[in-house]
Amino acid sequence: MLPLDKEIEARLGLELATKRQEHADLDAAIHTLTASGLADITLIKKRKLALKDRIVQIERIILPDIIA
């Protein structure tokens, strides 16, 4: 894999931090809504799963596996 351009790496790092925060926020919302029992959290869980997929994708780009 080719090394990343510094600007692209910085952009991906910012996106990664944003996605991680959004993932944590959704986790807290799911916990609160589950405790209240007032809402269907299916869509929130789907969004959280999509965020997790993107987080993993970005992590693989920024920190590729090194085969030793």
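The structure presented is a predicted model; accordingly, all values stated were derived computationally and were not measured. For every chain, the first residue of the written sequence is number 1, and numbering continues from 1 onward in sequence order. Note on the predicted model: pLDDT of at least 70 is required for a residue's local features to be given, and 80 or more for side-chain atom pairs to be given and counted; whole-chain, interface and lining totals, by contrast, use all residues. Excluding hydrogens and water, the side-chain figures rest on all heavy atoms present in the structure.

Chemist: Account for the overall build of the chain, naming residues and giving values.
Modeler: A helix here means a DSSP run of H or I that spans at least four residues, while a strand means a run of E at least two residues long, and both kinds are numbered starting from the N terminus. Along the chain, the regular secondary structure elements total 2 helices and 0 strands. The C-alpha atoms of the chain give a radius of gyration of 16 Å, which is well past the 11 Å a tight globule of 68 residues would have. Taken along its principal axes, the extent of the C-alpha atoms in the chain is 50 × 25 × 15 Å. Here, two residues are considered to be in contact whenever any of their heavy atoms come within 4.5 Å of each other. For the chain, contacts bridging at least 24 residues in sequence account for 68% of all contacts bridging at least 6. Just to be clear, the radius of gyration here is over C-alpha atoms, and the globule rule we use is 2.2 Å times residues to the power 0.38.

Chemist: Explain the packing of helix 1 (residues 6-36) against helix 2 (residues 42-62) to me, using residue names and the numbers behind them.
Modeler: Axis angles are defined between N-to-C directions and span 0 to 180 degrees, where every axis is a line fitted to C-alpha atoms and, for a helix, only to the segment in contact. Put simply, helix 1 and helix 2 touch, their axes get as near as 9 Å, and they point 155 degrees apart. Judged on the interaxial angle alone, helix 2 and helix 1 are roughly antiparallel. The handedness of the crossing between helix 1 and helix 2 comes out as left-handed. Across the interface between the two elements, Leu 12, Gly 13, Glu 15, Leu 16, Lys 19, Arg 20, Glu 22, His 23, Leu 26, Asp 27, Ile 30 and Leu 33 of helix 1 pack against Ile 44, Lys 45, Arg 47, Lys 48, Leu 51, Lys 52, Arg 54, Ile 55, Ile 58, Glu 59, Ile 61 and Ile 62 of helix 2. Every angle not falling under 35 degrees, over 145, or within 65 to 115 is termed oblique; those three ranges are roughly parallel, roughly antiparallel and roughly perpendicular. A clockwise turn of the near helix away from the far one marks a right-handed crossing, whereas an anticlockwise turn of less than a right angle marks a left-handed crossing.

Chemist: Please give an account of helix 2 that cites residues and values.
Modeler: Take the number of residues in a helix, subtract one, and multiply by 1.5 Å to get its expected span. Along its 21 residues, helix 2 runs 30 Å from first to last C-alpha, staying within 8% of the 30 Å computed at 1.5 Å per residue. Between buried and exposed lies partly exposed: a residue is buried under 20% and exposed over 50% of the maximum accessible area for its type, with that area taken using a 1.4 Å probe on protein chains only. For helix 2, every residue scored as buried is listed here: Lys 48, Leu 51, Ile 55 and Ile 58. Down the axis of helix 2, the smallest arc covering the buried residues is 85 degrees, so these residues share one side. Counted as exposed and oriented over 90 degrees from the buried face of helix 2: Leu 43, Lys 46, Leu 49, Asp 53 and Arg 60. Contacts made by the buried residues of helix 2 are with helix 1. In this description, the arc belongs to the directions extending from the helix axis to the C-beta atoms.

By themselves, these figures tell us nothing about what the structure is for.
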